[in-house]
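The lines below spell out each chain.
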Amino acid sequence: MFDPNVQVRQNLKDIEPYKPGLSDEQLRKELGNRPLVKLNSNENTLGPSPLALRAMERELPRLHLYPDGGSDLVKVAVAKHHHVQPEQVFVGNGSDDIIKLLSETFLDEGDEIVTPFPTFSQYTFGAQVMKATVKLAPLRADFTYDVEALLAAVTERTKLLYLCTPNNPTGTVLKQVEFDHLMEHLPDHVLVIVDMAYDNYATDPERFQFNTGVLRHSNVCLLYTFSKLYGLAGLRVGYAIGHPEVFAYVHRVREPFNVNRIAQVGAVAALSDAEHVKRSQELVQASRRQYETLRESGMHVVPSEANFALIEVGDGKRVFEALRKQAILVRTGFVGLESYVRVSFGTEAENEACIAALREVVAHA
Ligand SMILES: *Cc1c(COP(=O)(O)O)cnc(C)c1O
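Quantities reported herein were computed from a predicted structural model and do not represent experimental measurements.

The rules we used
Going along each chain's sequence as written, the residues are numbered from 1 onward. Only residues with pLDDT of 70 or above have their local features reported here, since the model is predicted, and side-chain atom pairs are shown and tallied only from 80 upward, although totals for entire chains, interfaces and linings are computed over all residues. The basis for every side-chain value is the complete set of non-hydrogen atoms in the structure, without hydrogens or water. Should DSSP find at least two bridges between two strands, the strands are regarded as paired. In DSSP terms, a helix is any run of H or I states spanning at least four residues, a strand is any run of E spanning at least two, and both are numbered starting from the N terminus. By definition, a salt bridge exists where a carboxyl oxygen of Asp or Glu is found within 4 Å of a side-chain nitrogen of Lys or Arg. Partly exposed residues are those whose accessible area sits between 20% and 50% of the maximum for their type, while under 20% is buried and over 50% is exposed, using a 1.4 Å probe and protein chains only. Distances are taken per atom, and a residue is near a molecule or strand as soon as one of its heavy atoms is within 4 Å of it. Any pair of N or O atoms that falls within 3.5 Å is considered a polar contact. Within protein, one atom must be able to donate a hydrogen and the other to accept it, and sequence-neighbouring residues count only if both atoms are side-chain atoms. Throughout, the Shrake-Rupley method with a 1.4 Å probe supplies accessible areas, and for residues the shown protein chains are the sole cover considered. Residues are grouped as follows: nonpolar covers Ala, Val, Leu, Ile, Met, Phe, Trp, Tyr, Cys and Pro; charged covers Asp, Glu, Lys and Arg; every other residue, Gly included, is treated as polar. Convention adopted: a line fitted to C-alpha atoms gives each axis, helices being fitted over their contacting stretch, and angles between N-to-C directions are expressed from 0 to 180 degrees. Each angle gets one of four labels, with under 35 degrees taken as roughly parallel, over 145 as roughly antiparallel, 65 to 115 as roughly perpendicular, and the rest as oblique. Here a crossing is taken to be left-handed if its near helix is turned anticlockwise relative to the far helix by less than a right angle, and right-handed if that turn runs clockwise. Contacts between residues were defined by any pair of non-hydrogen atoms, one from each residue, lying within 4.5 Å. The rule is short: rings of Phe, Tyr and Trp, with Trp giving its six-membered ring, pair when the centres are within 6.5 Å, and they are stacked under 30 degrees, edge-to-face over 60, tilted in between. To sit over a ring, a charge needs its Lys NZ or Arg CZ within 6 Å of the ring centre and within 35 degrees of the ring normal. Whether a set of points on the 1 Å grid over the protein atoms alone is a cavity depends on a 1.4 Å probe fitting there but being unable to get out, while an open set qualifies as a pocket with protein on both sides within 12 Å along at least five of seven lines; lining residues are those with an atom within 4 Å of a point. Grid points are joined across faces, edges and corners, and a volume is the space filled by probe spheres set on the points. UniProt positions are given in the numbering used here, feature names are shortened, and annotations may be inferred rather than shown by experiment. Start and end positions for the domains come from either an automated domain assignment or a database one. Simply put, the buried area is the total loss of 1.4 Å probe accessible area from both parts when two parts are fitted together.

Trainee: Can you help me understand the sheet that holds strand E9 (residues 300-301) in this one?
Mentor: To summarise the sheet geometry, strands pair through backbone hydrogen bonds and adopt either a parallel or an antiparallel arrangement. Pairing is antiparallel across the open sheet formed by three strands, whose spatial order is E9-E10-E12. The sheet is open, and its two borders are formed by E9 and strand E12 (340-344), each paired with just one other strand. Alignment of strand E10 (residues 308-312) against E12, held across five bridges, turns out to be antiparallel. When the sheet's bridge partners are listed, glutamate 312 is paired in E12 with tyrosine 340.

Trainee: What exactly am I supposed to notice about the pattern of salt bridges here?
Mentor: Pairs can form between side chains of opposite charge once their charged atoms are near each other. Following the criterion strictly, the structure yields 13 salt bridges and no others. Here lysine 135 and glutamate 112 are joined by a salt bridge, their closest N and O atoms 3.4 Å apart. Linking lysine 135 in strand E4 (residues 133-138) with glutamate 112 in strand E3 (residues 112-117), this pair joins segments that are 23 residues apart in sequence. A relative accessible area of 11% means that glutamate 112 is categorised as buried. Between lysine 278 and glutamate 282 there is a salt bridge; the shortest N-O distance is 3.3 Å. Taken together, the positions of lysine 278 and glutamate 282, both in helix H11 (residues 274-292) and four residues apart, correspond to about one turn of that helix.

Trainee: Help me understand the site of the ligand, please; the structure alone is not making it clear to me.
Mentor: The environment of the ligand is formed by 14 residues, the closest being Asp195, Tyr198, Thr225, Ser227 and Lys228. Between an oxygen atom of the ligand and a side-chain N or O atom of tyrosine 198, the distance comes to 2.6 Å. A distance of 3.2 Å is found between an oxygen atom of the ligand and a side-chain nitrogen or oxygen belonging to lysine 228. Here the ligand loses 94% of its free accessible area of 380 Å² to cover by the protein chains. Among the residues forming the shell around the ligand, the class breakdown is five nonpolar, five polar and four charged.

Trainee: Can you walk me through the packing of helix H4 (residues 72-82) against helix H10 (residues 261-271) in this structure?
Mentor: Angle between the axes and distance between the axes are the two parameters that describe a pair of packed helices. In contact at an axis separation of 9 Å, H4 and H10 are set at 20 degrees when each is read in the N-to-C sense. In terms of orientation, H4 lies roughly parallel with respect to H10. Taken as a pair, H4 and H10 cross one another with a handedness that is left-handed. Contacts between H4 and H10 involve Leu73, Val74, Ala77, Val78 and His81 on the former and, on the latter, Gln264, Ala267, Val268 and Leu271. Split into classes, the residues belonging to the contact of H4 with H10 amount to seven nonpolar, two polar and no charged.

Trainee: Looking at this structure, I do not really get the packing of aromatic side chains. What am I missing?
Mentor: Aromatic ring pairs are defined here through the distance separating the ring centres and the angle between the ring planes. Counting across every chain of the model gives 11 aromatic pairs. Measuring from centroid to centroid gives 5.6 Å for phenylalanine 120 and tyrosine 123, while their planes differ by 70 degrees, and the two rings are edge-to-face. Consider the rings of tyrosine 198 and phenylalanine 308, whose centres lie 5.1 Å apart with planes at 80 degrees: the pair is edge-to-face. Here tyrosine 198 is found in the loop between strand E6 (191-195) and strand E7 (220-225), whereas its partner phenylalanine 308 is found in strand E10, with 110 residues between them in sequence. Here tyrosine 198 matches phenylalanine 308 in class, with each residue buried. Site record: aromatic cluster; members linked through ring pairs are Tyr224, Phe226, Tyr230 and Tyr239. Here arginine 342 stacks its cationic end above the ring of phenylalanine 308, 5.6 Å away from the centre of that ring.

Trainee: Honestly, the side chain of glutamine 264 in this entry has me stumped. Any pointers?
Mentor: Structurally, glutamine 264 is set in helix H10. With relative accessibility at 9%, the residue glutamine 264 sits in the buried group. Contact partners of glutamine 264, with chain neighbours within four places excluded, come to Pro67, Asp68, Ser71, Val74 and Val259.

Trainee: What am I meant to see in empty space enclosed by the protein here?
Mentor: The probe, sized like a water molecule, is rolled over the atoms to show the empty space still left. Applying the stated criterion across every chain, the model contains two cavities of 30 Å³ or more. Of the pockets and cavities examined, the largest cavity occupies roughly 80 Å³. The wall of the largest cavity is formed by Glu43, Asn44, Thr45, Leu46, Tyr201, Ser280, Leu283, Val284, Ser287, Asn307, Phe345 and Gly346. For the lining of the largest cavity, the residue count by class is five nonpolar, six polar and one charged. Forming the boundary of the second largest cavity are Arg288, Tyr291, Glu292, Arg295, Val301, Val302, Pro303, Ser304, Ala309 and Phe345. Here the element with the most residues in the lining of the second largest cavity is H11; it accounts for three residues.

Trainee: How do you make sense of the UniProt feature "domain: Aminotransferase class I/classII large" (unreviewed entry) in the protein when you look at a structure like this?
Mentor: According to UniProt, the feature "domain: Aminotransferase class I/classII large" (unreviewed entry) maps to residues 35-358 in the numbering used here. Annotation note: span residues 35-358, helix share 36%, strand share 17%, distance between end C-alpha atoms 18 Å.

Trainee: Explanation requested: the domain arrangement of the protein in the structure shown.
Mentor: For an interface, size is often stated in terms of accessible area lost upon the parts coming together. One can read the domain layout of the protein as domain 1 (4-47 + 274-363) and domain 2 (50-271). Taken over C-alpha atoms, the centre of domain 1 sits 23 Å from the centre of domain 2. For the pair domain 1 and domain 2, the two sides together bury roughly 2,400 Å², of which 61% comes from carbon and sulfur. The three residues of domain 1 that bury the most area against domain 2 are Ile15, Glu305 and Phe308, which together make up 23% of that side's buried surface. Summed over the shared surface of domain 1 and domain 2, the number is zero salt bridges. One can count 13 residue pairs in polar contact (both at pLDDT 80 or more) joining domain 1 with domain 2. At the level of elements, H11, E10 and E12 are the ones that each hand at least two residues to the side of domain 1 that touches domain 2.

Rendered as structure tokens:
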């Protein structure tokens with residue numbers, strides 16, 4: 001008898017499968033037809049860009065054809081958007097895909113990655129799949145970056161160093177001066193991957209921002225996604241900006257048609273939808289102010305530059321369950337953050353409902 005427990009690559013036994021929120025079907029079962037306030041995955045509550053929707057509809061009759069394997073139209077549009085060359089762009093099936101591909105490209109058994117802690121789980125996942133070792137560099141107590149801790153975690157075996165700014169799940173940003181300091185002291189053999197998934201919601205002028213000068217460093221790569229601001233999480237498109245010499249190797253491990261035809265067309269159209277972008281950004285700014293009112297109730301709301309807020313509530317799991325009974329879904333259970341919930345911003349009414357529920361539940365702890 002074939003025994004997968006014996007045959008499997010043994011390192012996979014240590015990997016916890018990613019726990020997404022409940023599926024649409026599970027939610028229907030649990031909540032029936034009650035309207036769901038879904039604030040658990042940092043999605044864009046305004047929905048997809050209308051321009052993207054129209055472009056994708058027009059593309060449907062061509063679905064019998066393979067997509068462009070190089071995602072050239074996306075590369076060109078992204079390059080124009082960021083004022084770089086198309087060769088400096090790599091397109092993936094979501095930025096999760098790119099994180100895994102970078103791991104497969106650079107990591108061997110025994111190599112190391114450095115990530116902040118807490119942060120997005122996919123960086124660690126990519127390393128574990130490749131039997132690399134994960135070195136955590138804790139953020140400070142107020143969740144700001146500690147560049148010295150990042151530098152101290154680097155060794156000769158370090159291949160990748162991840163930064164996430166604004167950071168998920170804390171919402172805090174890396175400052176430009178901190179990035180500059182890091183790059184000045186970091187050895188060249190470390191590839192720095194800066195995940196900018198939430199950057200277009202940030203407004204702090206001191207934060208690290210992409211400009212073409214960043215690419216004077218040969219060891220920097222930036223990650224962006226269409227899943228958040230552009231409201232296309234279900235479509236799966238993300239991209240990296242970096243050096244063609246790096247991407248030449250990443251192309252060797254990607255699937256030949258990693259980004260589907262609908263996704264390519266939708267992404268290009270979404271990039272041009274300035275109106276949808278502006279509405280999304282304005283809603284997030286307003287939501288941020290709404291959640292800050294929880295501070296008046298004595299709750300610690302971590303200052304956020306993203307489309308979610310990390311809120312200290314005592315027992316995160318208890319609050320999560322209490323909100324779920326009211327059909328309000330938030331996220332909890334981040335390692336080291338057991339006393340917090342992460343709430344994605346919704347519409348004004350959704351935020352109101354969540355804030356009222358939080359006040360009520362936390363007061364009756
Ligand atoms: C949501 C998110 C992404 C986006 O991932 P996709 O695979 O593009 O949907 C990337 N990085 C971080 C930190 C995120 O929170």
